[in-house]
Amino acid sequence: MRTLAPAILILLLGACTASKPAPATTPSRGDCETGVSRAALPEWARAGFTGDGAGTPHRLGDRGDLMAVLFNYPPVADPDRGTKILWVSRLPVDSPGPLVIDAVRDDGQVARQELTGGAGPSSVQLPAPGCWALTLSWSGHTDAMRLRFT
């Protein structure tokens, strides 16, 4: 019985540490292959659209505070021209400021873009195709999402 006690203790300790979740490696829970919808836009994101905007590709941020309406789908990584994305904030903006996009591609490449107009129409310029994790900061708010750029 004495020889079994250390082995049982090691197994129990191993089971306890194995149940801990792995730390997140990106700022976004979603993946690049799912999450883009063509369903009706939420009511708060419909300004300027005819009807409910159904059929327009869009992705909601992980917190649900920012919507990316994708006029080019899939979005194109073009460091010179960019790809057109309409950013719609669900949250009120008391003091307008820039929308800062901090992007990390799956291979670790990083990019940053500051859109001086804040949430609204933009040309997002990422340097290369791939799955990008975007951390989006505007007017004291933050949200995140993952998008694949071709």
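As a reminder, the structure under discussion sits directly above these lines.
Residues numbered from 1 in each chain as written. Predicted model: local features only at pLDDT ≥ 70, side-chain atom pairs only at ≥ 80, totals over all residues. Heavy atoms only, no water.

What follows covers the packing of aromatic side chains. Evaluated as defined, the whole model comprises one aromatic pair. Plain terms: the ring middles of Phe 49 and Phe 71 are 6.4 Å apart, the flat faces sit at 5° to each other, and that makes the pair stacked. Placement of Phe 49 in the loop between α1 (4–18) and β1 (58–60) and of Phe 71 in the loop between β2 (66–70) and β3 (83–89) is noted, with a sequence separation of 22 residues between them. Judged by relative accessible area, which is 39%, Phe 71 ranks as partly exposed. Lys 84 extends its terminal NZ or CZ atom over the ring of Phe 71, reaching a point 4.8 Å from the ring centre. (Phe/Tyr/Trp six-rings, centres within 6.5 Å; stacked < 30°, edge-to-face > 60°. Helix = DSSP H or I, 4+ residues; strand = E, 2+ residues; numbered from the N terminus. Buried < 20%, exposed > 50% of the residue type's maximum accessible area, 1.4 Å probe, protein only. Lys NZ or Arg CZ within 6 Å of the ring centre and 35° of its normal.)

Moving on, we come to the nonpolar core. The tendency in soluble globular proteins is for nonpolar side chains to be buried side by side. By size, the foremost hydrophobic cluster in this structure holds 21 residues, and its most contacted members are Trp 87, Leu 99, Ile 101, Leu 126, Leu 134, Leu 136 and Phe 149. Elements supplying a minimum of two residues to this core: β2, β3, β4 (99–105), β5 (110–115), β7 (130–138) and β8 (141–149). Counting residues per element, this core draws most heavily on β7, at four residues. With residues near it in sequence (within four places) discarded, Leu 134 still touches Trp 87, Ile 101, Asp 102, Ala 103, Leu 126, Asp 143, Ala 144, Met 145 and Leu 147. Counting six residues, the second largest nonpolar core, distinct from the first, contains Leu 41, Ala 45, Met 67 and Val 69. (Core = buried A, V, L, I, M, F, W, Y, C linked by side-chain atoms within 4.5 Å. Contact = heavy atoms within 4.5 Å.)

A few words on the pairing of β2. In terms of residue burial, β2 counts as a mostly covered element, since five of its five residues are buried. Burial along β2 is two-sided: the face carrying Leu 66, Ala 68 and Leu 70 and the face carrying Met 67 and Val 69 are both buried. Summarising the sheet, β1 and β2 pair through three bridges and their orientation is antiparallel. Following the sheet pairing, His 58 is matched in β2 by Val 69. (Pairing = 2+ DSSP bridges.)

Its location among the elements puts Arg 112 in strand β5. Taking relative accessible area as the criterion, Arg 112 reaches 60% and is therefore assigned exposed. Sequence separation between Arg 112 and Asp 102 is 10 residues, and the spatial gap between their C-alpha atoms is 4.6 Å. Look past the residues within four positions of Arg 112 in its chain and what remains in contact with it is Val 100, Ile 101 and Asp 102. Within the local environment of Arg 112, its side chain forms a polar contact with the side chain of Asp 102, the two groups lying 2.5 Å apart. (Polar contact = N/O pair within 3.5 Å; in protein donor to acceptor, adjacent residues only side chain to side chain.)

A complete count under the given rule lists six salt bridges for this structure. A salt bridge links Asp 78 to Arg 81; its shortest N-O distance comes to 3.4 Å. Accessibility expressed as a relative area gives 15% for Asp 78, which makes it buried. What makes Arg 81 exposed here is its relative accessible area of 65%. As a salt-bridge pair, Asp 102 and Arg 112 come within 2.5 Å of each other at their nearest N and O atoms. Within this pair, whereas Asp 102 is found in strand β4, its partner Arg 112 is found in strand β5, the two being separated by 10 residues in sequence. Here the residues in one salt-bridge network are Arg 63, Asp 65 and Arg 90, joined through shared partners. (Salt bridge = Lys/Arg side-chain N within 4 Å of Asp/Glu carboxyl O.)

It is worth spelling out the state of the cysteines at this point. Taken as a whole and judged by the stated rule, the model has one disulfide. A sulfur-sulfur distance of 1.9 Å marks the disulfide that ties Cys 32 to Cys 131. Disulfide Cys 32-Cys 131: the torsion about the S-S bond is 85°, which places it as right-handed. Here Cys 32 is found in the loop between α1 and β1, whereas its partner Cys 131 is found in strand β7, with 99 residues between them in sequence. Across the pair, Cys 131 and Cys 32 agree in class, each one buried. (Disulfide = S-S within 2.5 Å.)

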